[in-house]
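# Fold and geometry: a report
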Amino acid sequence: MSETRLIQYGGLTGRTSLSPPCAKVHMALVYKGVPYRTRNMFSPAKVRRYNPRGRVPVLLHEGETLVDSSDILTELERRFPDPPLFPEDPKVAAEAKLIEDWADEVLYFYMVYMRWVDDEGFRRMKSSAMHRLPLPVRWIAPGIARRAAGKRLRYQGTGLKSGEVVRREFGECLDALAGRLEGGPPFLAGDALTHGDLAVAAVLDQCGLELLMPETAAEIARRPALVTWLERVHALLPNVALPGEDGKPTPPTG
Ligand SMILES: N[C@@H](CCC(=O)N[C@@H](CS)C(=O)NCC(=O)O)C(=O)O
């Protein structure tokens, strides 16, 4: 079997990632026990060598190039069905899909806004994350990344809102998630972990990074149902945002 390689935007150290869709793929690979290595990219131009869309994650697997985190997870499920991330029951499967799509297409963009558009978020990204990039990328990348994120957010719609509205709506999303979990089944779509949990956890893990997003970390911390659910997820899967002592994502504890 040829080596499996995850092409990603890197994180604070080691094999971590600051990209939720990349984190989703990390988590799925770990959960399914697929050995893999990572290759960090420093610009969309480099990413285009692997994916004409210029986006990560890209998974190089058995001679094939797979793109888009949701499509990659679907393909991993087909190739490595055990343990499953996609429920068999059609109603539960539909919920898991809706949750994944909502996390990817709604929740994710609030995080992107607070990281790149908010002045304070951008300042932290520049000083605490991007200073690790090699020179001269370190000087150029923050401004380019901010402009690209702003443009994408305006097309998507979140970028047309004020910071105040974005933070309020993000809080409402957290309330909705916490409300779903309080007194409910242990995972977002029911009794078992699904790809929906991975997609939501991938975004909330980034929002929980004290160093980069202390306000959103506090927002998560004051909702016990979310904290408990994240702990449950990370008993099975690494938190890819958070470096362990060895600089690798924190290993599963369960
Ligand atoms: N829906 C895609 C989104 C991928 C995505 O937006 N990746 C970001 C990194 S978090 C990216 O590559 N952005 C660069 C760009 O849009 O030019 C997925 O789930 O894979």
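Just so we're clear, the structure is a prediction, and the values are computed from it rather than from any experiment. (Residues numbered from 1 in each chain as written. Predicted model: local features only at pLDDT ≥ 70, side-chain atom pairs only at ≥ 80, totals over all residues. Heavy atoms only, no water.)

## What to know about the overall build of the protein
Convention followed: Strands here are runs of E lasting at least two residues and helices are runs of H or I lasting at least four, both read from the DSSP assignment and numbered beginning at the N terminus. In this description the radius of gyration comes from C-alpha coordinates, and the expected globular size is given by 2.2 Å times residues to the power 0.38. Relative accessibility decides the category of a residue: with a 1.4 Å probe and only protein chains considered, values under 20% of the type maximum give buried, values over 50% give exposed, and everything between is partly exposed. Contacts between residues were defined by any pair of non-hydrogen atoms, one from each residue, lying within 4.5 Å. We get accessible surface area from the Shrake-Rupley algorithm with a probe of 1.4 Å; when it comes to residues, only the shown protein chains can shield them.
Across its full length, the protein carries 10 helices and 6 strands. What you see for the protein is a C-alpha radius of gyration of 17 Å, in line with the 18 Å of a compact globule of 254 residues. Taken along the three principal axes of its C-alpha coordinates, the protein extends 50 × 45 × 35 Å. A burial count over the protein gives 50% of its 254 residues as buried. Relative to all contacts within the protein whose residues are 6 or more apart in sequence, the contacts with residues 24 or more apart total 68%. Counting every atom, the protein has about 12,200 Å² of accessible surface; 55% of that belongs to carbon and sulfur.

## Remarks on the site of the ligand
How we decide: A single heavy atom is enough: if one lies within 4 Å of a molecule or strand, its residue is considered near that molecule or strand. Counting of polar contacts relies on pairs of N or O atoms within 3.5 Å, with two restrictions inside protein: one atom must be capable of donating a hydrogen and the other of accepting it, and residues adjacent in sequence are counted only when both atoms are side-chain atoms. Gly is put with the polar residues, along with every residue not named as nonpolar or charged; the nonpolar set is Ala, Val, Leu, Ile, Met, Phe, Trp, Tyr, Cys and Pro, and the charged set is Asp, Glu, Lys and Arg.
Inspection of the region around the ligand gives Tyr-9, Ser-19, Pro-21, Gly-54, Arg-55, Val-56, Pro-57, Asp-68, Ser-69, Tyr-108 and Arg-152 as its neighbouring residues. Within the side chain of Arg-55, an N or O atom sits 2.9 Å from an oxygen atom of the ligand. Val-56 places a polar main-chain atom, nitrogen or oxygen, 2.8 Å from a nitrogen atom of the ligand. Residue classes in the shell around the ligand are distributed as 5 nonpolar, 3 polar and 3 charged.

## Describing the side chain of Thr-216
Here Thr-216 lies in helix 9 (residues 214-221). With a relative accessible area of 5%, Thr-216 lands in the buried category. Within the local environment of Thr-216, its side chain forms a polar contact with the backbone oxygen of Met-213, the two atoms lying 3.1 Å apart. Beyond its immediate chain neighbours, meaning those up to four positions away, Thr-216 contacts Met-114, Phe-170 and Cys-207.

## Points about helix 4 (residues 90-117)
To be explicit about the condition: A helix is expected to span 1.5 Å multiplied by its residue count minus one. In this scheme, the bend at a residue equals the angle between the axes fitted to the seven residues that finish there and the seven that begin there.
In a regular helix each residue adds 1.5 Å, so 28 residues correspond to 40 Å; helix 4 covers 39 Å between its end C-alpha atoms and thus fits that length. For helix 4, the principal kink sits at Ala-103 and spans about 40 degrees. By the N-cap criterion, in which a side-chain oxygen at the helix start approaches the backbone nitrogen of a residue two or three places on, helix 4 is capped by Asp-89, the distance to Lys-91 being 2.9 Å.

## Points about the packing of helix 1 (residues 20-31) against helix 3 (residues 69-79)
Test applied: What counts as an axis is a line fitted to C-alpha atoms, over the stretch in contact for a helix, and the angles between N-to-C directions run from 0 to 180 degrees. Angular relationships are summarised with four words: roughly parallel below 35 degrees, roughly antiparallel beyond 145, roughly perpendicular across 65 to 115, and oblique for the angles in between.
As a packed pair, helix 1 and helix 3 sit with axes 9 Å apart at the nearest point and diverge in direction by 10 degrees. Here helix 3 runs roughly parallel to helix 1, going by the angle between their axes. Each of Pro-21, Lys-24, Val-25, Ala-28 and Leu-29 in helix 1 lies in contact with helix 3, whose residues at this interface are Ser-69, Ser-70, Ile-72, Leu-73 and Leu-76. In the contact of helix 1 with helix 3, the residues fall into 7 nonpolar, 2 polar and 1 charged.

## Some points on the packing of aromatic side chains
This is how the line gets drawn: Each aromatic pair joins two rings of Phe, Tyr and Trp (for Trp, the six-membered one) with centres within 6.5 Å, and gets the label stacked for planes under 30 degrees apart, edge-to-face for over 60, and tilted for any other angle. In our convention, an over-ring charge means Lys NZ or Arg CZ found within 6 Å of a ring centre and within 35 degrees of that ring's normal.
Applying the stated criterion across every chain yields a total of 2 aromatic pairs. Here Tyr-108 and Phe-109 contribute two aromatic rings whose centre-to-centre distance is 5.0 Å and whose plane-to-plane angle is 75 degrees, an arrangement assigned as edge-to-face. On the basis of relative accessible area, Tyr-108 is assigned to the buried category, the value being 15%. Aromatic side chains Trp-116 and Phe-122 sit 6.2 Å apart centroid to centroid with 45 degrees between the ring planes, which places their arrangement in the tilted category. Just as Trp-116 is buried, Phe-122 falls in that class too. Over the ring of Tyr-36 we find Arg-15, and its NZ or CZ is 4.5 Å from the ring centre.

## Remarks on the environment of Leu-160
Tracing the backbone shows Leu-160 in the loop between helix 6 (137-156) and helix 7 (163-181). Residue Leu-160 is classed as exposed on the basis of its relative accessible area of 65%. For the pair Leu-160 and Val-227, spaced 67 residues apart in sequence, the C-alpha to C-alpha distance is 30 Å.

## Some remarks on the domain arrangement of the protein
Keep this limit in mind: Boundary definitions for the domains trace back to an automatic or database domain assignment. When two parts are brought into contact, each loses some accessible area as probed by a 1.4 Å sphere; the total of that loss over both is the buried area. Salt bridges, as used here, are contacts in which a Lys or Arg side-chain nitrogen is within 4 Å of a carboxyl oxygen on Asp or Glu.
What the domain assignment lists for the protein is domain 1 (5-79) and domain 2 (90-237). On a C-alpha basis, the centroid separation for the pair domain 1 and domain 2 is 18 Å. For the pairing of domain 1 and domain 2, the buried interface totals around 1,700 Å² over both sides, and the portion due to carbon and sulfur atoms is 72%. Considering only the surface of domain 1 that becomes buried against domain 2, Leu-12, Leu-18 and Met-27 emerge as the three largest contributors, covering 36% of it. Between the two partners, domain 1 and domain 2, sit 2 salt bridges.

## Structural notes on a nonpolar patch on the surface
Formally: What makes a patch is a set of residues exposed beyond 30% relative accessible area and free of salt bridges, joined within 9 Å when like-charged and within 5 Å when nonpolar (Val, Leu, Ile, Met, Phe, Trp, Tyr).
On the surface, a nonpolar cluster with roughly 450 Å² of combined accessible area is contributed by Leu-135, Trp-139, Ile-140 and Ile-144. We classify Trp-139 as exposed; its relative accessible area is 65%.

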